[in-house]
Amino acid sequence: MQHPLFSVAQIRGIERTAAAGLEPGILMDRAGRAAADHAADLLGPGTGRAVLVLAGPGNNGGDALEVAAHLAAREQVTVIHLRGDGAQPSFETARAIERAGASSATFTDALPSAEPDLVIDGLFGIGLTRPLEGRGRELVDTINEYGCPVLALDLPSGLDADTGAVVGPDGIAVRASHTITFIGDKPGLHTNEGREYAGQVAVVGLDISQDQFPPATALLSTPDLFAHCLRARGQNANKGTFGNVAIVGGAHGMTGAPMLGARAALFTGAGRVFAAFVDPGPAYDSTQPEVMCRLAGGFDFGTATLVLGPGMGHSPDAVRDLLRAFESASPLVIDADALNLIANSPDLQQRLTQRGNAILTPHPLEAARLLGMTVPIVQADRLAAAHELAARFNAVAVLKGSGTVIAHGDQVAVNSTGNPGLATAGTGDVLAGICGSLLAQGWPLWEAALGGVWLHGAAADRLVRRGIGPIGLTAGELPLAARAVLNELVRRYARRRS
Ligand SMILES: NC(=O)C1=CN([C@@H]2O[C@H](COP(=O)(O)OP(=O)(O)OC[C@H]3O[C@@H](n4cnc5c(N)ncnc54)[C@H](OP(=O)(O)O)[C@@H]3O)[C@@H](O)[C@H]2O)[C@@H](O)CC1
Ligand SMILES: [K+]
């Protein structure tokens, strides 16, 4: 099943259409009830717990007041309602104010002296227009220090639902442990700062019929998007069935980078794996003697899927190897130094765009160089930046980072796996190796990028679940974990198909 992500403009459109066919206020009723149920689940069995509800001036505040009215029947609810000095509340928010006022919730301006058992964040949702300041900012500052669960309604206040950026400059947002989001899921909860601030995300459709939803802006990447490429291995298979991968890079002093990529390709199922070194490199890898070491200058680039860039450096030999690789018809994964060489060369850019058949895997700085912009601009709208990279270079673009964004043509997906353990040297080489391996096994570019990114993150998640990281997780540990995750996926999906 697909997991769609909608822009704020789309959510507004869906809401308008749905509300036109319903009694006024029904959608807020549903949102309030669903959020109150979610809060009750977080509190667990019992009664009389201290719940702090922060309600803002708009309909997000209305949702919060509905939650307060529901929870007040069982819990000790304290409400801080920031009314703002703008327009009058909407019909449904006015009704929520009345309901909460008629309940046993206590209204106050001051934060309780003791930390509550649960905070409900209903300050701002998709109507946030500027950074938090004044009292709202003070409240967020304080609750961000709490250790209790924080349930954000629709989205953490202060976050941009489209981009996952904290609305700034010098912005602040609620660090929620959980977010219950209404009508449809939003990209900003899953990329950039979104994963840090939104916590666990639950989506509540408010019983709006699916035919009122437009095509999604993006998809959350889950194995359902590439499951059709997962194949159990036939008894009669041989190594030739699973393709060749060559990792091209490893300038003097950087031989480890292609070796990491090569191991990743090997452990995720490529038939034969080469490490092709720009400068004379090791004759073989004693830890992984299955990897065949070659000099890139003499390697026939037409015989393998090519992963270009790990530790490649910037020498004339590196440029020569890149040009030769572009002239081959092989599928390419382009990473690291190869991306920087391309960013500096209009000629390489033109050749890449003309040949196509490539996955680019930049981190935000490499993406900024390729696009001729700054990192903050890339990060301010990661979906747009990935789109632009894909369009400009006629490739599948993988913009790495928390909530990696994968784009091709008009398709965009946001990855759902991974953790801060990946923020360490060499993990990019492993990702590139996995993508190359899937390509070599016959996966199309789009699925190889989606699958590679998902597997790489899931491998890190698996290691962390087992106590390996996030602190101190090393890139070299990922390939074995990726192998385990891939085999589990194949078992799960191959069984489903049979
Ligand atoms: N859409 C739906 O389908 C449904 C929506 N629902 C809920 O409604 C939410 C959207 O409601 P919304 O449009 O009223 O916007 P919301 O986020 O409450 O904020 C707007 C208010 O905040 C103010 N304001 C803005 N920024 C500010 C700042 N930095 N600092 C201070 N003030 C600031 C702004 O005032 P102004 O900019 O005019 O000064 C205005 O008063 C949505 O997220 C969901 O929770 C559900 O009930 C279910 C159905
Ligand atoms: K909120």
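A quick note: this is a predicted structure, and the numbers were derived from the prediction, not measured. (Residues numbered from 1 in each chain as written. Chains lettered and ligands numbered in written order. Predicted model: local features only at pLDDT ≥ 70, side-chain atom pairs only at ≥ 80, totals over all residues. Heavy atoms only, no water.)

Engineer: Let's hear about helix α14 (residues 427–440): which residues, and what values?
Structural biologist: For α14, built from 14 residues, the straight-helix expectation of 20 Å at 1.5 Å per residue is met to within 8% by its first-to-last C-alpha distance of 20 Å. Counting buried positions over the 14 residues of α14 gives 14, a clear majority of the element. Of the residues trailing α14, G442 is marked for its positive phi of about 100°. (Helix = DSSP H or I, 4+ residues; strand = E, 2+ residues; numbered from the N terminus. Expected span 1.5 Å × (residues − 1). Buried < 20%, exposed > 50% of the residue type's maximum accessible area, 1.4 Å probe, protein only.)

Engineer: Explain the UniProt feature "binding site: AMP" (unreviewed entry) in the protein chain to me, and be specific about the residues and the numbers.
Structural biologist: Per the UniProt record, "binding site: AMP" (unreviewed entry) is found at K400, G401, S402, G403, T404 and G428. Positionally, G401 belongs in the loop between β16 (396–399) and β17 (405–408). Mapped onto the secondary structure, T404 falls in the loop between β16 and β17. Residue classification places T404 among the buried positions, given a relative accessible area of 9%. Sequence-distant contacts of T404, that is, excluding residues within four places in its chain, are made with R382, V398, L399, A413, V414, N415 and V453. Engagement of the side chain of T404 in a polar contact is seen with the backbone oxygen of G401, the distance being 3.0 Å. (UniProt positions renumbered as here; feature names shortened; annotations may be inferred. Contact = heavy atoms within 4.5 Å. Polar contact = N/O pair within 3.5 Å; in protein donor to acceptor, adjacent residues only side chain to side chain.)

Engineer: Explain the site of ligand 1 to me, using residue names and the numbers behind them.
Structural biologist: The environment of ligand 1 is formed by 20 residues, the closest being D63, G125, R130, D154 and I183. At 2.5 Å, a side-chain N or O of D63 approaches an oxygen atom of ligand 1. Between ligand 1 and G125, the relevant distance is 2.6 Å, taken from an oxygen atom to a main-chain nitrogen or oxygen of the residue. Relative to its unbound accessible surface of 930 Å², ligand 1 loses 80% to contact with the protein. Within the residue set of the shell around ligand 1, elements represented by two or more residues are α1 (8–20), α2 (26–43) and α3 (59–71). Looking at the shell around ligand 1, the element that brings in the most residues is α3, giving three residues. Here the residues of the shell around ligand 1 are counted per class, giving nine nonpolar, six polar and five charged. (Near = heavy atom within 4 Å. Areas by Shrake-Rupley, 256 points an atom, 1.4 Å probe, with all protein chains shown as cover. Nonpolar A, V, L, I, M, F, W, Y, C, P; charged D, E, K, R; others polar.)

Engineer: Go over the coordination of the potassium ion (ligand 2) with me, naming the residues and quoting the values.
Structural biologist: Distances from the potassium ion (ligand 2) to its protein donors, namely N60 (OD1), D121 (O), F124 (O), L153 (O), L155 (O) and S157 (OG), fall within the range 2.6 to 3.1 Å. With six donor atoms in place around the potassium ion (ligand 2) and angles of 64 to 172° between them, the coordination shape is irregular. (Donors = N, O, S within 2.8 Å, 3.2 Å for Na, K, Ca; no water. Tetrahedral: all angles 85-135°; square planar, octahedral: opposite > 155°, others 65-115°.)

Engineer: Quick rundown of the nonpolar core? Include the residues and the values.
Structural biologist: In terms of nonpolar packing, the biggest core is built from 59 residues, with L230, I359, I406 and L478 touching the most fellow members. Listing elements by their share of this core, those giving two or more residues are β10 (244–249), α7 (256–267), β11 (272–277), β16, α14, α15 (445–465) and α16 (478–497). When residues in this core are grouped by element, the largest group, twelve residues, is from α15. (Core = buried A, V, L, I, M, F, W, Y, C linked by side-chain atoms within 4.5 Å.)

Engineer: Quick one: what's the story with the domain arrangement of the protein chain, residue by residue and with numbers?
Structural biologist: How big an interface is tends to be reported as the loss of accessible area on association of its parts. In terms of domain boundaries, the protein chain breaks down into domain 1 (3–214) and domain 2 (224–497). Buried surface at the junction of domain 1 and domain 2, both sides included, amounts to about 780 Å², of which 47% is carbon and sulfur. Its largest share of buried area at the contact with domain 2, domain 1 owes to T191, N192 and R195, together 62% of the area lost on that side. Linking domain 1 to domain 2 there are zero salt bridges. When the residues that make up the side of domain 1 that touches domain 2 are grouped by side-chain class, the tally is three nonpolar, four polar and one charged. (Domains from an automatic or database assignment. Buried area = accessible area lost by both parts, 1.4 Å probe. Salt bridge = Lys/Arg side-chain N within 4 Å of Asp/Glu carboxyl O.)

Engineer: Before we move on, could you go through the packing of aromatic side chains and cite the residues and values that matter?
Structural biologist: Counting across every chain of the model gives five aromatic pairs. Aromatic pair F6 and F213: ring centres 5.4 Å apart, planes at 55°, arrangement tilted. Residue F6 is found in the loop between β1 (3–5) and α1, and its partner F213 is found in the loop between β8 (200–204) and β9 (218–221); the two are separated by 207 residues along the sequence. F213 carries the same exposure label as F6, and that label is buried. Counting every residue linked through ring pairs, the aromatic cluster contains F226, W443 and W454. Here the basic side chain of R233 rests over the ring of F242, its NZ or CZ set 3.4 Å away from the ring centre. (Phe/Tyr/Trp six-rings, centres within 6.5 Å; stacked < 30°, edge-to-face > 60°. Lys NZ or Arg CZ within 6 Å of the ring centre and 35° of its normal.)

Engineer: Now, about the environment of V405: what can you tell me, with residues and values included?
Structural biologist: In this fold, V405 is placed in strand β17. Assessed through its relative accessible area of 0%, V405 is described here as buried. Once the C-alpha coordinates of V405 and P310 are considered, the two residues, 95 residues apart in sequence, prove to be 21 Å apart. If near-sequence neighbours (up to four positions away) are discounted, V405 is found in contact with T191, R382, L383, A386, A397, V398, L399, V412 and A413.

Engineer: Outline the packing of helix α8 (residues 316–327) against helix α10 (residues 346–355), listing residues and values.
Structural biologist: It is at 10 Å that the axes of α8 and α10 come closest, and there the two elements cross at 20°. In this view, α8 runs roughly parallel relative to α10, as classed from their interaxial angle. In the packing of α8 onto α10, the handedness of the crossing is left-handed. On the side of α8, the interface is formed by L322, L323, A325, F326 and E327, while α10 contributes D347, L348, R351, L352 and R355. Considering only residue class, the contact of α8 with α10 consists of six nonpolar, no polar and four charged. (Axes fitted to C-alpha atoms, helices over the stretch in contact; angles between N-to-C directions. Parallel < 35°, antiparallel > 145°, perpendicular 65-115°, else oblique. Left-handed = near helix turned anticlockwise from the far one by under 90°.)

Engineer: Can you explain the sheet that holds strand β5 (residues 118–122)? Please cite residues and give values.
Structural biologist: One open sheet holds the seven strands; their spatial order is β4-β3-β2-β5-β6-β7-β8, and the pairing between them is parallel. Across the chains shown, the open sheet's two edge strands, defined by having one partner strand only, are β4 (106–107) and β8. As judged from the three bridges shared by β5 and strand β6 (residues 150–153), these two strands associate in the parallel manner. What sits directly across from I120, in β6, is L151. In the packing of helix α5 (residues 134–143) onto the sheet, the strands contacted are β2 (50–55), β3 (76–81), β5 and β6, and the crossing angle to β2 comes to about 150°. (Pairing = 2+ DSSP bridges.)

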